[in-house]
Amino acid sequence: MTDSEKPIVFFIDELDRCRPTYALQVLEKAKHFFNVENIVFVLAIDKNQIGNSIKGIYGLDMDVDGYLRRFIDLNYHLPEPPKGAFVEALFKRFNFNKYFEERTNQSSNFRHDKEHFVSIFSELFSIFNFSLRIQEQCFTQISLVFKTTPVSLKLYPILLAVLISIKNYNLDLYKRYINGNIDSNKLMTELFSSKEGQEFLDSHYGNVIEAYLIYYDSTEVKEQLIEQYRDIKENQNTNKDIYRKAEKIMRIINDLDFAVSHNVKDYIVKKIEIMDRFQN
């Protein structure tokens, strides 16, 4: 095939994010070129979103598939990446390896930070059903926090990942939590009410997140929740799985007493809130 015979390919990306009238105007105008020899259009769109635009203009009874068939000869659905794959890709893209390597060199206590960071984000992104775009926005926000934090300060990536994820999932819930209007128990109940969420709470990282949130709760609530887990451990009739969960959470909380500064949560929240100034 000579150069003159090679097709001209036009890529139109994120058309579904445009104003509905504009998006359909682009489709209508591009249609005049669809049947021109050696001209190919590749549309990267969210079909549900573009369908809403079509119905918004032509009415709810509009046959979206029929309308789109006027323009699209071949559909190809991109498969969802395996859980954690996009997180790993974002980690490399934002060059977070450098950040974590610097902290690991500062202290051996930081050596598991990268693993925890990637795993927690992967789990939460899956449970909250974040789109790839929202996942990328979370990493952009994290990047700003990293860039404004001294290398010598340990940020506790578990807590940071949880707070950033909650903020992007439910801003009102995040605000209520950081302002002290709800405690960690209420937060966990609202966040993980689904079957997948409940299963996550029983997993290793679910236990870790719960322990961290309990640890940073108000003193009164913290003592109440810790007392509940003590009761579970002391009850000889406790289910083995529940006993193991209680034991693990208590052990993590005890470890935090020796390793974590009590003002870490406030410091991280301030960093996240300062970050908003860069985005507005």
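Quick caveat, the model's predicted, so the values are computed rather than measured.

Trainee: Just to check I follow, could you spell out the confidence of the model for the protein for this structure?
Mentor: Regions with low pLDDT carry predicted coordinates that are not meant to be interpreted in detail. Taken residue by residue, the protein gives an average pLDDT of 84. The fraction at 70 or more is 90%. Mean pLDDT values for the elements of the protein range from 73 in helix 5 (residues 96-106) up to 93 in helix 4 (residues 85-93).

Trainee: Got a minute to help me understand unusual backbone geometry in this structure?
Mentor: One can expect most non-glycine residues to show negative phi and most peptide bonds to be in trans. Located in the positive-phi region is N38, a residue other than glycine, with phi close to 65°. Inspection of the secondary structure puts N38 in the loop between helix 1 (20-34) and strand 2 (39-44). Residue N38 is classed as partly exposed on the basis of its relative accessible area, which comes to 33%. At N129, a position not held by glycine, the phi torsion is positive, near 55°. Mapped onto the elements of the fold, N129 is located in the loop between helix 6 (113-127) and helix 7 (132-147). Residue N129 is classed as exposed on the basis of its relative accessible area, which comes to 67%.

Trainee: What's the story with a nonpolar patch on the surface in this structure? I'm lost.
Mentor: Where nonpolar side chains cluster on the molecular surface, the patch consists of V9, F11, V40 and V42 and spans about 340 Å² of accessible area. Put simply, the parts of the chain that give the nonpolar patch at least two residues each are strand 1 (8-13) and strand 2. Note on placement: V42 falls in strand 2. Taking relative accessible area as the criterion, V42 reaches 34% and is therefore assigned partly exposed.

Trainee: Would you take a moment to explain the nonpolar core for this structure?
Mentor: What tends to happen in soluble globular proteins is that the nonpolar side chains get buried as a cluster. In this structure, F96, F117, F121, F139, L159, F192 and I209 are the most contacted members of the largest nonpolar core, which totals 63 residues. Within the second largest apolar cluster, 13 residues are counted, among which are I12, L15, I54 and I72.

Trainee: Got a minute to help me understand helix 10 (residues 184-191) in this structure?
Mentor: In an α-helix, one turn spans 3.6 residues, which is why side chains three or four residues apart end up on the same side. Those residues of helix 10 that sit buried are S184, L187, M188 and L191. Taken down its axis, helix 10 places every buried residue within 95° of arc, on the same side. Taking the backbone nitrogen of N185 as reference, a side-chain oxygen 3.0 Å away marks D183 as the first, capping residue of helix 10.

Trainee: I would appreciate a short explanation of the packing of aromatic side chains in the present structure.
Mentor: The way to describe two aromatic rings as a pair is by their centre distance and the angle between their planes. For the coordinates displayed, the defined rule picks out 25 aromatic pairs. Aromatic pair F91 and F96: ring centres 5.8 Å apart, planes at 90°, arrangement edge-to-face. Comparing F91 with F96 shows no difference in burial state: the two are buried. Ring geometry for F117 and F121: centres 4.9 Å apart, planes at 80°, overall edge-to-face. With F117 and F121 both in helix 6 and four residues apart, this pair spans about one turn of that helix. Classification of F117 by relative accessible area gives buried; the value is 0%.

Conventions we followed
- Starting from 1, residues in each chain are numbered consecutively following that chain's sequence as written.
- Where totals are concerned, whole chains, interfaces and linings use all residues; where local detail is concerned, this predicted model gives features only for residues with pLDDT of at least 70, and gives and counts side-chain atom pairs only at 80 or more.
- Calculation of side-chain values draws on the structure's entire complement of heavy atoms; hydrogens and water are dropped beforehand.
- What pLDDT expresses is the predictor's confidence in each residue, scored from 0 to 100.
- Runs of E in the DSSP output that reach at least two residues are strands. Runs of H or I that reach at least four are helices, and both are numbered from the N terminus.
- Partly exposed residues are those whose accessible area sits between 20% and 50% of the maximum for their type, while under 20% is buried and over 50% is exposed, using a 1.4 Å probe and protein chains only.
- Within the patch definition used here, like charges are joined within 9 Å and nonpolar side chains (Val, Leu, Ile, Met, Phe, Trp, Tyr) within 5 Å, considering only residues with over 30% relative accessible area and no salt bridge.
- All accessible areas in this document rest on Shrake-Rupley with a 1.4 Å probe, and a residue is counted as covered only by the protein chains that are shown.
- Here a salt bridge means any side-chain nitrogen of Lys or Arg lying within 4 Å of a carboxyl oxygen belonging to Asp or Glu.
- Among buried residues, those of type Ala, Val, Leu, Ile, Met, Phe, Trp, Tyr and Cys that are joined through side-chain atoms within 4.5 Å constitute a nonpolar core.
- Note that the arc is defined by the directions from the helix axis to the C-beta atoms.
- Here a polar contact is recorded for every N or O atom pair within 3.5 Å, except that within protein the pair must consist of a potential hydrogen donor and a potential acceptor, and residues adjacent in sequence are included only if both atoms are side-chain atoms.
- Pairing of aromatic side chains here covers Phe, Tyr and the six-membered ring of Trp, requires ring centres within 6.5 Å, and sorts the geometry by plane angle: under 30 degrees stacked, over 60 edge-to-face, intermediate tilted.

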